[in-house]
Every structure is written in structure tokens, then in C-alpha cells.
Amino acid sequence: MATTDLKPKNPKDPSRIAGTDPLTGEYRVLAPGQTFRSITEKISNIVLTPDTPLGWFALFTVGGAGATVLLVAITWLFLKGTGIWAVTQPVAWGFAIINFVWWIGIGHAGTLISAILLLFKQGWRNSINRFAEAMTIFAVVCAGMFPLIHVGRPWLGYWLLPYPSTMTVWPQFRSPLLWDVFAVSTYATISVVFWYIGMVPDFGTFRDRAENRFAQYFYGMLSLGWRGSVRHWMRYETASLLLSGLATPLVLSVHTVISFDFAVAVLPGWHTTIFPPYFVAGAIYSGFAMVLTLAIPLRKFYHLEGMVTDRHIDNMGKVMLATGFIVAYGYGMEAFMAWYSASHWEAFMFWNRVFGPMGWSYWVLVTCNLAIPLTTLWSRKLRTNIAFMFFISIVVNTGMWFERFVIVVTSLYRDFLPSSWGTYRATKWDYAIYVGTLGLFTALFLLFVRFLPMIPMNEIRLMLPGAKITPKKAAEAAD
Amino acid sequence: MPPREGTYGLLAEFDTPSDLVRAAQAARRDGWRRMDCYTPYPVEEAAEAIGFHRNKVPLVTLIGGLMGLAAMFSLETWISVLAYPLNIAGRPTYSWPAFVVPAYEWTILWAGLSAAFGMLALNGLPALYHPLFNAPNFRKGASQDKFFLCLEALDPKFDLIETRAYLATLEPVSVVEVEY
């Protein structure tokens with residue numbers, strides 16, 4: 001399908017271009033020599049095996065331990081209140097908001113890969129979209145928790161929703177914080193639906209291949225009785241395309257709305273119109289980094305190099321390079337506007353952000369988001385060096401976490417009146433909850449890898465050479 | 001509902017999508033209408049061959065989206081103007097630009113849910129039982145690497161013996177009878 005759009009530049013001698021198929025002259029996304037059956041067996045055997053690899057248990061123990069830390073920290077939080085965190089005046093928004101924005105941003109790459117790249121007919125995304133979507137959902141789970149536990153009395157969190165109550169109180173629709181409720185809840189719902197609908201045909205395959213009675217029932221229920229009728233497939237394809245078309249403006253709107261939480265305030269450092277595009281680009285930047293962080297160990301562990309090829313890693317590096325430059329433009333524009341606005345407060349805020357007592361965080365951000373990735377990702381050699389790309393993915397994730405730290409903390413801790421200046425130092429409970437969400441994310445992701453199809457078999461089959469419809473004579477000649 | 005008895009149809013198995021598409025085109029040309037193809041991934045050409053060109057999913061999605069838009073925008077207007085008017089910095093109670101954001105989100109929410117559940121409903125899913133699963137080779141292949149053409153007994157041209165002979169002319173790997 002989409003690979004036809006990427007014809008090599010010199011069609012006369014396709015063998016000269018690395019990674020092309022000599023038969024068709026198209027760029028090869030999957031490793032050669034795979035058939036419908038080999039793909040199906042490879043992916044379903046990961047799930048339908050009674051032998052769980054020991055390494056899975058080891059990692060799950062680590063993730064589970066992290067999730068337990070989260071449970072303990074949240075229990076203590078509910079008992080004592082948000083006073084156990086470092087949030088106070090002047091920094092009233094601390095780790096909770098930083099982590100919320102960071103996690104949501106990570107989630108966005110999943111939607112980007114599954115929706116936007118589908119609309120752009122980027123066939124290569126078929127190998128990575130499923131686990132990128134899973135990453136989205138688990139990231140949204142982690143993200144959604146933060147505003148809820150930050151409201152102080154989380155058992156009253158449902159007050160955010162417009163519902164007829166005996167108090168006759170209704171939400172205030174002119175606040176970006178309420179827009180957030182609708183943006184994030186819609187995003188979570190649509191992501192889950194998109195993910196599940198995408199898996200239905202693969203559940204059908206699992207149902208048919210499962211030998212264990214329980215697995216047959218389990219996947220049979222999940223598959224909803226999918227039988228692969230082409231009429232069903234056509235409606236299914238239409239629905240997938242429509243969901244992608246809907247998820248694309250959704251993902252852009254979600255991070256835009258999140259940036260409104262900041263941009264609508266009048267605080268120097270927050271009150272800027274560059275925020276929506278710059279937040280969205282940053283989200284995609286960190287999200288692709290997280291996809292790499294997950295994909296690189298995963299393909300090695302389960303020997304999926306034939307499906308998640310070096311070309312995928314290379315392409316993701318290119319997307320990171322592009323979004324990294326948009327982010328760099330955002331940083332540049334912030335600095336420029338601090339000067340060009342001729343506002344004393346803006347200029348001071350920026351000076352304080354870069355050279356103030358917490359200026360170190362700005363330099364961590366510049367190093368991790370600009371200096372290291374944007375100088376090295378130009379090189380194809382480095383982009384296809386798996387160890388280096390894993391390193392870069394960790395660097396960018398760190399950098400993007402510090403970006404949110406810089407935006408939240410360094411804008412707040414020294415405001416208009418020097419008498420109200422303060423500082424911010426996170427407590428052990430702040431760290432415990434952050435580390436805990438990393439553990440929860442790992443644990444959920446491992447469960448996904450073990451029990452659900454992590455690569456969409458039906459979409460991979462479509463990309464195989466055997467899926468080409470050929471006229472009879474050509475088919476006979478090929479045999 | 002009492003269990004139905006008799007024959008659901010005849011199921012021909014093919015090894016490649018090209019064989020299936022050719023067979024489906026031939027069957028359609030020869031006047032068959034009650035038929036369906038079963039494939040492990042979407043084969044657009046097969047849908048064309050059996051004369052399935054468009055579907056109602058986009059319409060359902062559009063209606064869902066418009067309903068979501070209308071629902072949220074009217075809810076916001078009703079709450080802010082009538083049910084609970086609040087003076088926020090002297091701004092008008094009917095602040096429609098601020099209402100756009102949640103209304104936009106709900107348009108997407110309702111449209112997306114309509115697309116997903118509308119698709120399932122139009123497909124008649126969930127349907128955990130289907131006569132095709134009785135065919136011995138169907139479960140081994142239809143969701144993995146085989147391609148099937150089913151001529152259904154409801155077609156007026158259907159006759160167990162003649163149809164079996166007809167399917168054999170399409171060079172399938174095998175033809176089996178599917179019972180209810």
C-alpha cells in the first residue's frame with residue numbers, strides 16, 4: 001500500500017539503494033521471506049504459549065514493586081492530604097502537574113502513530129501502532145490520576161462533571177481546567193475504543209489458534225464473533241479511517257487545551273500564544289522517545305526484528321528530529337518574546353529561568369532536548385545504531401520532563417513581588433508517586449505484551465507481498 | 001429461537017487472495033447474489049467483486065458527531081445562562097467562544113463512539129455463534145492465511161449438487177457444506 005509512494009530516486013538500478021525490494025523497487029518495511037502463516041504464528045505464539053519467559057516475571061516484579069510504591073504513596077496522600085507534597089505558595093503547582101503533562105504528552109505519540117500516520121498512508125507504522133496505542137492508554141491512566149489526586153478530596157472528583165445534583169451547583173464552562181476534564185476524558189475514551197476495535201480481528205485469530213479451553217472462551221468473547229467477512233472488513237476499514245480522522249484533531253486539541261491551563265493565566269512565562277503548537281510538538285517529541293524506549297528492548301526480547309526493523313527506528317528518529325526543532329523554535333520564541341515584549345516582568349522571568357537559582361533545570365533541558373538529540377539525529381549511521389537510539393530516547397524523555405518542570409516551577413517561584421519569592425524542593429512523596437506511576441506503566445505494559453496482540457496481525461498481512469492481487473497469468477508465472 | 005436446520009451454504013477455500021477475487025468475480029458474473037467472502041485481512045477487491053461498494057458507517061458517524069455537538073453546546077448554554085449563571089469578571093453569561101472547546105470534544109467523542117459501535121451494529125456483532133464456525137476448515141484458516149467464498153443457500157440459484165459442481169469450476173482447494 002503506502003510503500004508505493006516511496007519509490008527510490010533511481011528506478012533504473014534499485015539494487016543500489018539499500019533496503020529496497022529488487023522485485024518491486026519499493027522500500028521494504030518488513031524483513032523478506034515472511035508469509036501470512038509465519039506472521040500469524042510469530043505474533044500469536046508470544047501470547048498463546050503456556051511458558052512465560054523468566055525475564056517477563058523479573059520485569060513484572062520491578063514494575064509491580066513500583067506500582068506498590070504508588071499505592072502506598074497515594075494511601076498516605078489520602079490520609080494526610082496534599083500537604084505531604086512540596087506544593088505551597090508560591091509554587092502551588094508542583095510535580096502533579098508536571099507529571100500530568102509529561103504522561104499525557106507521552107501518550108500523544110501513540111495516537112499520532114496510529115491515526116495521523118494512517119491518514120498519511122505511512123505503511124511502516126503498522127508494525128508499531130498497536131503497542132504505541134497501548135502506551136497511549138497506560139500513559140493516560142498515569143496522567144489522569146494526577147489531577148484527580150491533586151484536587152484534595154478525590155472522592156468528590158465527580159463534582160467536575162455536569163450532573164444534576166441536589167446542591168443545584170453546575171460547573172463553570174469558561175475555565176480551561178474544566179475544558180481539561182472534557183478533553184482528557186474524551187481522549188481516554190476514544191483511545192480505548194480505537195485500540196480495542198483495532199484488536200478485534202486479532203482476537204479472532206487468537207480464538208481460532210488457542211488450544212486451551214479458557215483462552216478460547218476468553219479471546220472468543222473479546223473477538224465479538226469476528227469472522228472476517230469482507231462486508232465486515234469494509235465497514236471496519238471505514239470505521240478505522242473515521243476514528244483516525246477524529247483522533248487526529250482530538251490529539252492536537254488535547255495538548256492545546258492542556259497548554260491553555262497555562263496560557264490563559266496572566267503569569268509571565270505562561271501567558272503566551274506559542275504554547276499550543278509548542279506543547280503539541282513537545283508531546284510528540286517525548287512520545288516518540290517513549291515508543292523507542294519500549295520498542296527497542298521489546299523487539300530484542302521477543303525477536304521481532306523482522307517486523308520492527310531498523311527502518312522503523314530510523315523513521316522515528318526523523319520524526320523526533322523534526323518535532324525537536326519545533327520545540328527548539330518554541331524555546332527560541334520564548335526568549336525572543338521576553339525581549340521583544342519590552343515587559344519588565346517577562347524579561348526578568350526569562351533571566352531568572354535561565355540564570356536564577358533554579359537555572360540548572362533550564363540547562364538540563366537544553367542539553368537533553370536540544371544539544372544532544374538535535375546535533376546527532378542528523379546522522380543516518382547514528383539513527384540506525386540501536387544502542388544510541390535507546391540512549392537518545394532516555395535523554396529526550398528526561399529533557400521533556402525537565403521542560404515541564406521549567407515551565408511550572410521557574411515561572412512560579414519568583415513572581416511580581418520579591419517579598420513573596422520562594423523556592424521548590426520536592427518531597428519524598430512527590431518522588432514516590434512519580435516513580436510509582438513509572439512502575440504502574442511498566443506493569444500494565446507487560447500485562448499487555450503477555451495477553452494481547454502487540455503487533456496488529458491483520459495490518460501486517462496487508463503489507464506482505466502475498467497480499468498483492470495479481471491477474472491469473474502473472475500469478476501462474478510467479479508460482 | 002429454535003435452532004435452524006439444513007444447509008447454510010457451500011464454502012470454497014482458496015490459497016491466495018487473487019484466486020478468491022477471481023472466483024468471487026466469476027460468481028457475481030454468473031448471477032450469484034447471496035454470497036460472502038471471508039479473509040484474514042481486508043481485501044478491498046473481494047468486496048468490490050461481490051458488489052459491496054459503500055456502507056453506512058460514515059453517515060452514522062456524522063449523525064453521532066452532530067448530536068454530540070448539539071448536546072454539549074446546549075448543555076453549556078443552558079447551565080451558564082439559565083441554570084447557574086455566574087459572573088466571572090463581568091463577562092457575558094453566554095460566552096460562546098469558551099463553550100466551543102467542550103462542544104468540540106464531545107463532537108469527537110460522540111462521533112468516535114458512533115463510528116465504533118455503529119460499525120459493530122451494522123456488522124451484526126457481537127454474534128458469538130455463526131454457522132460458518134461449524135465448517136471444519138473455517139476456523140483453521142479464515143482468521144489466519146486462507147481465503148473463503150461462501151455461496152449461501154438463501155440464493156434462489158442454490159442447489160446443493162449443482163452449486164458444488166459450479167464451485168469446483170472455480171478451482172478452489174476444497175468445497176465443504178456448512179450446516180446450521
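Calculation rules
Residues numbered from 1 in each chain as written. Chains lettered and ligands numbered in written order. Predicted model: local features only at pLDDT ≥ 70, side-chain atom pairs only at ≥ 80, totals over all residues. Helix = DSSP H or I, 4+ residues; strand = E, 2+ residues; numbered from the N terminus. Buried ≥ 20, exposed ≤ 12 C-beta atoms within 10 Å, placed from the backbone. Contact = placed C-beta atoms within 7 Å. Nonpolar A, V, L, I, M, F, W, Y, C, P; charged D, E, K, R; others polar. Domains from an automatic or database assignment. Pairing = 2+ DSSP bridges. Axes fitted to C-alpha atoms, helices over the stretch in contact; angles between N-to-C directions. pLDDT = per-residue confidence, 0-100. Core = buried A, V, L, I, M, F, W, Y, C linked by C-beta atoms within 7 Å.

A. Structural context of the overall build of chain A. Check the secondary structure of chain A and you find 17 helices and zero strands. With respect to the three principal axes, the spread of C-alpha positions in chain A is 85 × 55 × 45 Å. Burial status across chain A gives 45% buried among its 479 residues. Sequence-distant contacts, at least 24 apart, represent 79% of the contacts inside chain A between residues at least 6 apart.

B. Up close: the interface of chain B and chain A. With 61 residues of chain B at the interface, the matching set in chain A holds 53 residues. For the side of chain B that touches chain A, the secondary structure elements donating two or more residues are α1 (17–29), β2 (35–38), α2 (44–49), α3 (57–83) and α4 (96–122) of chain B. The leading source of residues in the side of chain B that touches chain A is α4(B), at 17 residues. Per-class residue counts for the side of chain B that touches chain A are 41 nonpolar, 12 polar and eight charged.

C. Region of the structure containing the domain arrangement of chain B. According to the domain assignment, chain B consists of domain 1 (7–54 + 131–179) and domain 2 (57–122). Computed over C-alpha atoms, the centres of domain 1 of chain B and domain 2 of chain B are 45 Å apart.

D. Representation of the sheet that holds strand β4 (residues 174–179) of chain B within the structure. Residues and elements named next belong to chain B. If you trace the four strands from one edge of the open sheet to the other, you get β2-β3-β1-β4, paired in antiparallel fashion. Two strands bound the open sheet, and with one partner strand each, they are β2 and β4. Within this sheet the neighbouring strands show an average axis-to-axis angle of 25°, counted without direction. Where β2 meets strand β3 (residues 147–152), four bridges bridge the pair, whose relative direction is antiparallel. When the bridges of β3 are listed, Asp36 appears paired with Cys150. Strands β1 (7–14), β2 and β3 of the sheet are contacted by α1, whose axis makes an angle of about 20° with β3.

E. Highlighting the confidence of the model for chain B. Summary statistics for chain B give a mean pLDDT of 86 and a share of 98% for residues scoring 70 or more. Predicted as a complex, the structure gets a pTM of 0.86 and an ipTM equal to 0.91.

F. Looking closely at the nonpolar core. Judged by nonpolar contacts, the single largest core of 178 residues is most densely connected at Met135(A), Ala139(A), Val291(A), Ala24(B), Ala46(B), Phe148(B) and Leu149(B). Among the elements that line this core, the one with the most residues is helix α7 (residues 230–263) of chain A, at 17 residues. A domain-level breakdown of this core finds at least three residues from each of domain 1 (7–54 + 131–179) and domain 2 (57–122) of chain B.

G. Just the environment of Gly317(A), in detail. All names here are of chain A. Looking at the element boundaries, Gly317 is found in helix α9 (residues 310–340). For Gly317 and Cys142, which are 175 residues apart along the polypeptide, the C-alpha to C-alpha distance reads 25 Å. Filtering out sequence-adjacent residues up to four positions away, Gly317 remains in contact with Leu377, Arg383 and Met389.

H. Representation of unusual backbone geometry in the model. Of note, the amide linkage connecting Gln89(A) to Pro90(A) takes the cis form, showing an omega dihedral of 0°. Here Pro90(A) lies in the loop between α2 (54–80) and α3 (95–119). Residue Pro126(B) is reached from Leu125(B) by a cis peptide bond, and omega for that bond is -5°. Position of Pro126(B) among the secondary structure elements: in the loop between α4 and α5 (138–141). In this structure, Ala342(A) takes a positive phi of about 60° despite not being glycine. The backbone phi angle of Glu171(B) is positive, close to 60°, even though this residue is not glycine. Overall, the presence of 13 C-beta atoms within 10 Å leaves Glu171(B) in the partly exposed class.

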